[in-house]
Amino acid sequence: MTLDMFIQHLFNALALGALYGLIAIGYTMVYGILRLINFAHGDIFMLGAYLVFFSTIAFMPAWVAALLLGLTLIIFYSTFVGFGKKPPVWFWAGVALAAGMGCYYGFIAPTSFAPPWLLAVAFAIVVTSAIGISVDRVAYKPLREAPRISALISAIGVSFFIESAAVVVFSGLPRPVRQPEAMVKPFIFSLESITGNADSLVRVTPLAIIVPVISIILIAGLLWIIYRTKPGLAMRAISKDIETTRLMGVSVNKVIAMTFGLGSALAAAAGIMWSLRYPQIFPYMGMMPGLKAFIAAVFGGIGSIPGAMIGGAMLGFMEIFIVAFFPELSGYRDAFAFILLIVILLWKPTGLMGEKLREKI
Amino acid sequence: MLKVDDLHVYYGGIHAVKGVSLNIPQGHIVTLIGANGAGKSSTVRTIAGLEKGRGAIIHKGENILGKPAEDIVRRGIALSPEGRRILPHLSVEENLRLGAYIRNDKDGIAKDIEWVYSLFPRLKERAWQAGGTLSGGEQQMLAVGRALMSNPELVMLDEPSLGLAPLLVKEIFNIIGKVRDMGKTILLIEQNAFAALSIANYAYILETGSVVLEGPGQELLRNPMVKEAYLG
Ligand SMILES: Nc1ncnc2c1ncn2[C@@H]1O[C@H](COP(=O)(O)OP(=O)(O)OP(=O)(O)O)[C@@H](O)[C@H]1O
Ligand SMILES: [Mg+2]
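Counting from 1, residues in each chain are numbered in the order their sequence is written. As a convention, the first chain written is A and the first ligand written is 1, with the rest following in written order. This being a predicted model, a pLDDT of at least 70 is required before a residue's local features are given, and a value of 80 or more before pairs of side-chain atoms are given or counted; all residues contribute to the totals for chains, interfaces and linings. Water and hydrogen atoms play no part in the side-chain values, which are based on all heavy atoms of the structure.

**Regarding the sheet that holds strand E6 (residues 77-80) of chain B**
Remark on secondary structure: sheet strands pair via backbone hydrogen bonds, oriented parallel or antiparallel.
All names here are of chain B.
Step number 1: One open sheet holds the 6 strands; their spatial order is E6-E7-E8-E3-E9-E10, and the pairing between them is mixed. Where the open sheet ends on each side, the last strands, each with one partner, are E6 and strand E10 (210-215). Taking the axes of each pair of neighbouring strands and ignoring which way they run, one obtains an average angle of 15° across the sheet.
Step number 2: In the sheet, E6 pairs with strand E7 (residues 154-158) via 4 bridges, with the strands oriented parallel. Any two strands between which DSSP finds at least two bridges are classified as paired. The helix and strand labels rest on DSSP assignments: H or I over at least four residues marks a helix, E over at least two residues marks a strand, and numbering proceeds from the N terminus. Axes here mean lines fitted to C-alpha atoms, for a helix over just the part in contact, with angles spanning 0 to 180 degrees between N-to-C directions.

So this is what it looks like as structure tokens:
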């Protein structure tokens, strides 16, 4: 392999690994607290991509956007503040905004929701995070006291439900995603000074840089929340001893909801970046990345956040480089992850950074 | 301060607490003693909101029985649970901060952490050590300190001297006395009946889920039945 190809693959691997890492963190955080594999996580990833798609390309009616914002607000409010308490200012501000938008666009000037790109991303992340919280509320919370296998089955059910609903609402046809021009116009570096060959060129699109950089920023933000804030302290405590943490005044359901919210926000961000890099979306697009990110989480040691990051990065690198070195194996690309899973489960079931599993699944 | 009235606790078919009534006046140390399995922990766990029960627990004129644990501690009732229950992967200081979770007064929390460190200087030396690496006795100190961090009016200590060397037992009881002198109320569960009765204003003796004897600590110390059964 020539140097320029190697560097090219390196950039691809970095982006893919970062995306796997972002998704894997959501699996690992939920597992760390509930010992539950949230199979719907890959579908949350898909919803994030679709929400951006619909608000920037296939313009959704603005009243739908207003409705989604309103519901999001209600979900956040009922989860983190609770009905019957005095609502905080942000709640009223949001209600006013959503209601104003809904009335204006619903009755006065029906139009499409076509916000600037960045605003659409923020919108998608916030709404997806509320959907993640709702999944917990509807499908897992009623089963907290039930045997673990019940919640696991519920998770599989939710996953099928979201996928099928997406087929109905979005239609099953794959849709092409338009990549913003500025993100895919490649910089071209010449490696001639190193290799002495005028053909040694590396093409790097801004997207290939942006994906890992944004991923690292998001992960840094998450680590800050977990290790430097009070809710983060509660999350770390709950993962070891729920009862004692409750004795300290921590409301367990709020912390669990926050975990789902944060994990889903990261998955949405990953879904959006994924749809820009591999510019096509379809209702089942979350399955494969979701499964692989789950494998990455197991590889890194499920329950461990640094483990999920390392597992995601390593899986991304392996996938790209195995295909790069053995192009004839490229048809088996998706199989590597599963072979890795089997090897890990046989050789070191706790993963790279994991602690002893308390229970086999 | 707190009144427990005819409390019953069941675990499936097991009737663990059978109509216990307690009166815990403000600023007093009340102790609960009894053999293993008498229902002491079940009683305080129910007060703390961890178990369901029947009967009434009256705090400031309101029945708090059945309220969730996270609400009880907000009402100023803290429990240092049986078996320490230190969070092993959090540092000593993080364990203390978790104890102060319901508070938002940064300066007050910092001051109280220093205060706990002054009570237990060994904790200060180990502030950044993971809780799980402390010795059993140090963990016990941390559990007591953590319960104090919520700045509670009533502190319930479930066997705070368990597994401590005699010298440290004395120290823990010293500290319990100090905490009372600050105006806090204490409900103390102890295997060490002599020390508990000596310090307590009032004591209840539990046997298989019922109160069989009660009275001021000093009085029970002289009671022949107590002497025989609990003081050896
Ligand atoms: N979670 C539980 N499930 C079933 N039975 C329980 C449970 N917790 C306690 N019990 C039973 O309730 C009874 C009272 O237990 P409890 O822990 O209150 O006793 P205790 O007085 O604190 O004893 P010790 O001095 O040993 O701590 C015991 O018979 C015990 O077996
Ligand atoms: Mg006990």
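What follows picks up the thread again.
**Focus: the coordination of the magnesium ion (ligand 2)**
Residues and elements named next belong to chain B.
Step number 1: Listed donors are limited to N, O and S atoms within 2.8 Å of the metal, widened to 3.2 Å for Na, K and Ca; water is not among them, so incomplete-looking sites are possible. At the metal site, the magnesium ion (ligand 2) is ligated by Ser41 (OG), Glu82 (OE) and Glu82 (OE), and these contacts range over 1.9 to 2.7 Å. With serine 41 in helix H1 (residues 40-47) and glutamate 82 in the loop between E6 and helix H3 (92-99), this pair connects stretches of sequence that are 41 residues apart.
Step number 2: Residue classification places glutamate 82 among the partly exposed positions, given a relative accessible area of 38%. Type-normalised accessible area, obtained with a 1.4 Å probe on protein chains alone, sets the label of each residue: buried when under 20%, exposed when over 50%, and partly exposed for intermediate values.

**A look at helix H14 (residues 305-325) of chain A**
Residues and elements named next belong to chain A.
Step number 1: Helix span is expected to be 1.5 Å times the residue number reduced by one. In a regular helix each residue adds 1.5 Å, so 21 residues correspond to 30 Å; H14 covers 30 Å between its end C-alpha atoms and thus fits that length.
Step number 2: Where H14 is concerned, the buried positions are Ile305, Gly307, Ala308, Gly311, Gly312, Leu315, Gly316, Glu319, Ile320, Phe321, Val323 and Ala324.
Step number 3: Polar contacts here mean pairs of N or O atoms no more than 3.5 Å apart (in protein, one a potential hydrogen donor and the other a potential acceptor; neighbouring residues in sequence count only if both atoms are side-chain atoms). Capping the start of H14, serine 304 holds a side-chain oxygen 2.9 Å from the backbone nitrogen of glycine 307, two or three residues further along.

**A few points about unusual backbone geometry**
Step number 1: Its identity as a non-glycine residue notwithstanding, serine 171 of chain A has a phi of 70°, on the positive side.
Step number 2: Mapped onto the fold, serine 171 of chain A is located in the loop between helix H6 (148-170) and strand E3 (175-176).
Step number 3: A positive phi angle, close to 55°, is found at asparagine 151 of chain B, a residue other than glycine.
Step number 4: Along the chain, the position of asparagine 151 of chain B falls in the loop between helix H6 (136-148) and E7.

**Remarks on the interface of chain A and chain B**
Step number 1: Taken together, the contact pairs 18 residues of chain A with 25 residues of chain B.
Step number 2: In the sections that follow, a salt bridge refers to a side-chain nitrogen of Lys or Arg positioned within 4 Å of a carboxyl oxygen of Asp or Glu. One can count 5 salt bridges joining chain A with chain B.
Step number 3: In this structure, arginine 236 of chain A and glutamate 94 of chain B form a salt bridge, with 3.0 Å as the shortest nitrogen-oxygen distance.
Step number 4: At the junction of chain A with chain B, the criterion picks out 11 residue pairs in polar contact (both at pLDDT 80 or more).
Step number 5: Sorting the residues of the side of chain A that touches chain B by element identifies helix H10 (230-238) and helix H11 (242-247) of chain A as the ones contributing at least two each.
Step number 6: Ranked by the residues each element gives to the side of chain A that touches chain B, the list is headed by H10 of chain A, at 6 residues.
Step number 7: Throughout, the ten residues Ala, Val, Leu, Ile, Met, Phe, Trp, Tyr, Cys and Pro are labelled nonpolar, Asp, Glu, Lys and Arg are labelled charged, and all others, Gly among them, are labelled polar. Residue composition of the side of chain A that touches chain B, by class: 8 nonpolar, 4 polar and 6 charged. Note on contacts: a residue pair is in contact if any heavy atoms of the two residues lie within 4.5 Å.

**Here we look at the sheet that holds strand E4 (residues 54-59) of chain B**
Residues and elements named next belong to chain B.
Step number 1: The strand order E2-E1-E4-E5 describes an open sheet built from 4 strands, whose pairing is antiparallel. Strand pairing shows two members of the sheet lacking a second neighbour, strand E2 (14-24) and strand E5 (62-63), which therefore form its edges.
Step number 2: Across 2 bridges, E4 lies against E5 in antiparallel orientation. Residue histidine 59 lies in a different strand from E5, and its bridge partner there is glutamate 62.
Step number 3: Most of the contacts of H1 go to strand E1 (residues 2-11), to which it runs at about 115°, and overall it touches E1, E2 and E4.

**A short note on H6 of chain A**
All names here are of chain A.
Step number 1: In this model, H6 (23 residues) spans 33 Å end to end at C-alpha, consistent with the 33 Å of a helix rising 1.5 Å per residue.
Step number 2: Looking at H6, one finds that the buried residues are Ala151, Leu152, Ser154, Ala155, Val158, Ser159, Ile162, Glu163, Ala166 and Phe170.
Step number 3: Two residues or fewer past H6, serine 171 is found with a positive phi of approximately 70°.

**Topic: the pattern of salt bridges**
Step number 1: By the definition in use, this model includes 21 salt bridges over all chains.
Step number 2: One salt bridge in this structure joins arginine 85 of chain B and glutamate 243 of chain A, with 3.3 Å as the shortest N-O distance. Of this pair, arginine 85 of chain B sits in the loop between E6 and H3 while glutamate 243 of chain A sits in helix H11, placing the two residues on different chains.
Step number 3: In this structure arginine 85 of chain B comes out as partly exposed when scored by relative accessible area, which is 27%.
Step number 4: For glutamate 243 of chain A, a relative accessible area of 24% corresponds to the partly exposed category.
Step number 5: In this structure, lysine 124 of chain B engages glutamate 114 of chain B in a salt bridge whose closest nitrogen and oxygen atoms are separated by 3.1 Å. Of the two residues, lysine 124 of chain B is situated in helix H5 (residues 121-125) and glutamate 114 of chain B in helix H4 (residues 106-119); the sequence distance between them amounts to 10 residues.
Step number 6: The exposure class of lysine 124 of chain B is partly exposed, given its relative accessible area of 46%.
Step number 7: Taken together, the shared-partner salt bridges in this structure form one network comprising Asp241 and Glu243 of chain A together with Arg45, Glu51 and Arg85 of chain B.

**Details of the packing of aromatic side chains**
Given two aromatic rings, their pairing is described by the distance between the two centres and the angle made by the two planes.
Residue and element names in this part refer to chain A.
Step number 1: Aromatic contacts are taken between Phe, Tyr and Trp rings whose centres are within 6.5 Å, Trp giving its six-membered ring; a plane angle under 30 degrees counts as stacked, one over 60 as edge-to-face, and the others as tilted. Evaluated as defined, the whole model comprises 19 aromatic pairs over all chains.
Step number 2: Both rings, one in phenylalanine 45 and one in tryptophan 274, keep their centres 5.7 Å apart while their planes meet at 75°; by these two values the pair is edge-to-face. Within this pair, whereas phenylalanine 45 is found in helix H2 (residues 41-56), its partner tryptophan 274 is found in helix H12 (residues 252-277), the two being separated by 229 residues in sequence. For the pair shown, phenylalanine 45 and tryptophan 274 are each scored as buried.
Step number 3: Seen in terms of ring centroids, phenylalanine 76 and phenylalanine 80 are 6.2 Å apart; in terms of plane orientation they differ by 25°. Their pairing is stacked. With a gap of 4 residues between them, phenylalanine 76 and phenylalanine 80 both fall in helix H3 (residues 62-80), about one helical turn apart.

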